[in-house]
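Architecture and fold: a report
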Amino acid sequence: MSAKIIDGKAVAEKIRGELRAEVARLKAKGVTPGLGVILVGDDPASKSYVTAKEQACHEIGMFSDDNRLPASATQEELLALIRRMNEDPAIHGILVQLPLPKQIRESEVLLAMNPDKDVDGFHPTNVGRMVVGQQAFLPCTPHGVVQLLLHSGVKIEGAHVVIVGRSNIVGKPLANMLMAKGPGGNATVTVCHTRTRDIGAFTRQADIVVAAAGQPGAIKADMVCEGAVVIDVGVNRVPDPTKKSGFRLAGDVDFEAVKEKASLITPVPGGVGPMTITMLLYNTVESARRVAGA
Ligand code: GUN
């Protein structure tokens, strides 16, 4: 079997078109959805993510408030900026790009955010709301994965999904969303991680494999069954002297080999990445909609 490629850009563009119309509707009511963006330090990958997120905001008519702090920024400087955004009625969502420099205590930063502006869904209040099935901002990458599956016509209900990776940003929230009751849920979920013995023994049983291990090429062809759906969340920069930048992006899946066994597969780039940004826009527009009461 040679897999059909899931076009994340096309799905993202469709949803962004709907969001553009919603932004126009909110603007006509006097509310322009606004995203407060904070980047600490100059990690090149984080810089490029933040640039792409802000550009996507502008493309659908939202505004972004861009804030850059030096890598030497203190905890107090960052907290002061978050408190200002918590108070600012023009800001409907706050994005603090992770990871943060070593001197900053991430958990304290996430707790300082107003949960009703936490459009990344990382505040423990939103995590708790999600786990118990209350209305919450869902973390953008796992929410993007679920939307990509739904838009691709993949039956999630009753499927066995094996997630490789247990991060707070992807693996853990994705497991919760897929096992929740309702559309996009009702799956049987297994989570593998760095201490799992023989990951392949689990992934070979999966109808859907989600690779979120942060390791290029971690999922090989002999680890998936014929006809599986394979979603690659990995975004790894691997050295490539033929590129002007000196690197290329590679996922966690050995794409060329696995696509010969899978029925559906996401590429990197152009798979999950555009969906992450789209769900951030979705959460920010939703936050503005709640404020506008419209
Ligand atoms: N770093 C990697 N992924 C994310 C994300 O979804 N949100 C934020 N804020 N930082 C990240």
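One can find the structure itself at the top, above this paragraph.
It should be emphasised that the depicted structure is a prediction, and the values quoted were computed from it without experimental measurement.

1. Quick word on the overall build of the protein
Looking only at helices and strands, one finds 10 helices and 11 strands in the protein. A compact globule built from 294 residues should have a C-alpha radius of gyration of about 19 Å, and the protein, at 19 Å, falls within 12% of that. Projected onto its principal axes, the C-alpha coordinates of the protein cover approximately 50 × 40 × 35 Å. Within the protein, the fraction of its 294 residues that count as buried is 52%. Sequence separation of at least 24 residues holds for 70% of the intrachain contacts in the protein that already meet a minimum separation of 6. Of the roughly 13500 Å² of accessible surface on the protein, 55% is carried by carbon and sulfur atoms.

2. Focus on the pattern of salt bridges
Pairs can form between side chains of opposite charge once their charged atoms are near each other. Enumeration over the complete set of coordinates arrives at 14 salt bridges. We note a salt bridge from Glu-76 to Arg-83, for which the minimum N-O separation is 3.1 Å. Salt-bridge contacts for Lys-259 lead to Glu-260; the nearest nitrogen and oxygen are separated by 3.3 Å. Residue class for Lys-259 comes out buried when judged on its relative accessible area of 18%. Salt bridges here are not isolated pairs; linked through shared partners, they connect Glu-54, Asp-66 and Arg-68.

3. Some details on helix 7 (residues 171-179)
Residues spaced three or four apart along an α-helix point in a common direction, a consequence of the helix completing one turn every 3.6 residues. Within the sequence span of helix 7, burial applies to Gly-171, Pro-173, Leu-174, Ala-175, Met-177 and Leu-178. In this fold, the buried residues of helix 7 make contact with helix 5 (124-132), helix 6 (140-151), strand 5 (160-164), strand 6 (188-192) and strand 7 (208-211).

4. Section: the sheet that holds strand 8 (residues 229-232)
Across the sheet, which stays open at both edges, the six strands sit in the order 1-11-8-7-5-6 with parallel pairing between neighbours. The sheet terminates laterally at strand 1 (4-5) and strand 6, the two strands that pair on one side only. The pairing of strand 8 with strand 11 (residues 264-265) spans two bridges and is parallel. Across the sheet, Val-230 pairs through a bridge with Ile-265, a residue of strand 11.

5. Comments concerning the nonpolar core
The biggest cluster of nonpolar side chains holds 52 residues, and the ones touching the most others in it are Val-210 and Ile-231. It is helix 10 (residues 272-292) that contributes the most residues to this core, eight residues altogether. Each residue touching Ile-231, except ones within four places of it in the same chain, is listed here: Ile-6, Val-145, Leu-149, Val-209, Val-210, Ala-211, Thr-266 and Val-272. Within the second largest apolar cluster, 19 residues are counted, among which are Val-40, Leu-69, Leu-81 and Leu-100.

6. Regarding a nonpolar patch on the surface
On the surface, Tyr-49, Val-235 and Leu-249 cluster together to form a nonpolar patch covering roughly 220 Å² of accessible area. Position of Leu-249 among the secondary structure elements: in strand 10 (residues 247-250). On the basis of relative accessibility, which here comes to 31%, the residue Leu-249 falls in the partly exposed class.

7. Topic: the packing of aromatic side chains
Taken as a whole, this structure holds zero aromatic pairs when the rule is applied. Positioned above the aromatic ring of Phe-137 is the side chain of Arg-290, whose terminal nitrogen or guanidinium carbon lies 4.6 Å from the ring centre.

8. As for the site of the ligand
In the neighbourhood of the ligand, the contacting residues comprise Lys-53, Leu-95, Val-96, Gln-97, Leu-98, Asp-120 and Phe-122. Within the backbone of Val-96, a nitrogen or oxygen atom sits 2.8 Å from a nitrogen atom of the ligand. The backbone of Leu-98 places a nitrogen or oxygen atom 2.9 Å from a nitrogen atom of the ligand. Broken down by class, the residue content of the shell around the ligand amounts to four nonpolar, one polar and two charged.

9. Thoughts on the pairing of strand 9 (residues 236-239)
Burial of strand 9 is one-sided: the residues Asn-236 and Val-238 facing one way are buried, the residues Arg-237 and Pro-239 facing the other way are not. In this sheet, strand 10 lies alongside strand 9 in antiparallel orientation, the contact comprising four bridges. Bridging across to strand 10, Val-238 finds its partner in Arg-248.

Scoring rules and cut-offs
Residues numbered from 1 in each chain as written. Predicted model: local features only at pLDDT ≥ 70, side-chain atom pairs only at ≥ 80, totals over all residues. Heavy atoms only, no water. Helix = DSSP H or I, 4+ residues; strand = E, 2+ residues; numbered from the N terminus. Rg over C-alpha atoms; globule rule 2.2 N^0.38 Å. Buried < 20%, exposed > 50% of the residue type's maximum accessible area, 1.4 Å probe, protein only. Contact = heavy atoms within 4.5 Å. Areas by Shrake-Rupley, 256 points an atom, 1.4 Å probe, with all protein chains shown as cover. Salt bridge = Lys/Arg side-chain N within 4 Å of Asp/Glu carboxyl O. Pairing = 2+ DSSP bridges. Core = buried A, V, L, I, M, F, W, Y, C linked by side-chain atoms within 4.5 Å. Patch = residues over 30% accessible without salt bridge, like charges linked within 9 Å, V, L, I, M, F, W, Y side chains within 5 Å. Phe/Tyr/Trp six-rings, centres within 6.5 Å; stacked < 30°, edge-to-face > 60°. Lys NZ or Arg CZ within 6 Å of the ring centre and 35° of its normal. Near = heavy atom within 4 Å. Polar contact = N/O pair within 3.5 Å; in protein donor to acceptor, adjacent residues only side chain to side chain. Nonpolar A, V, L, I, M, F, W, Y, C, P; charged D, E, K, R; others polar.

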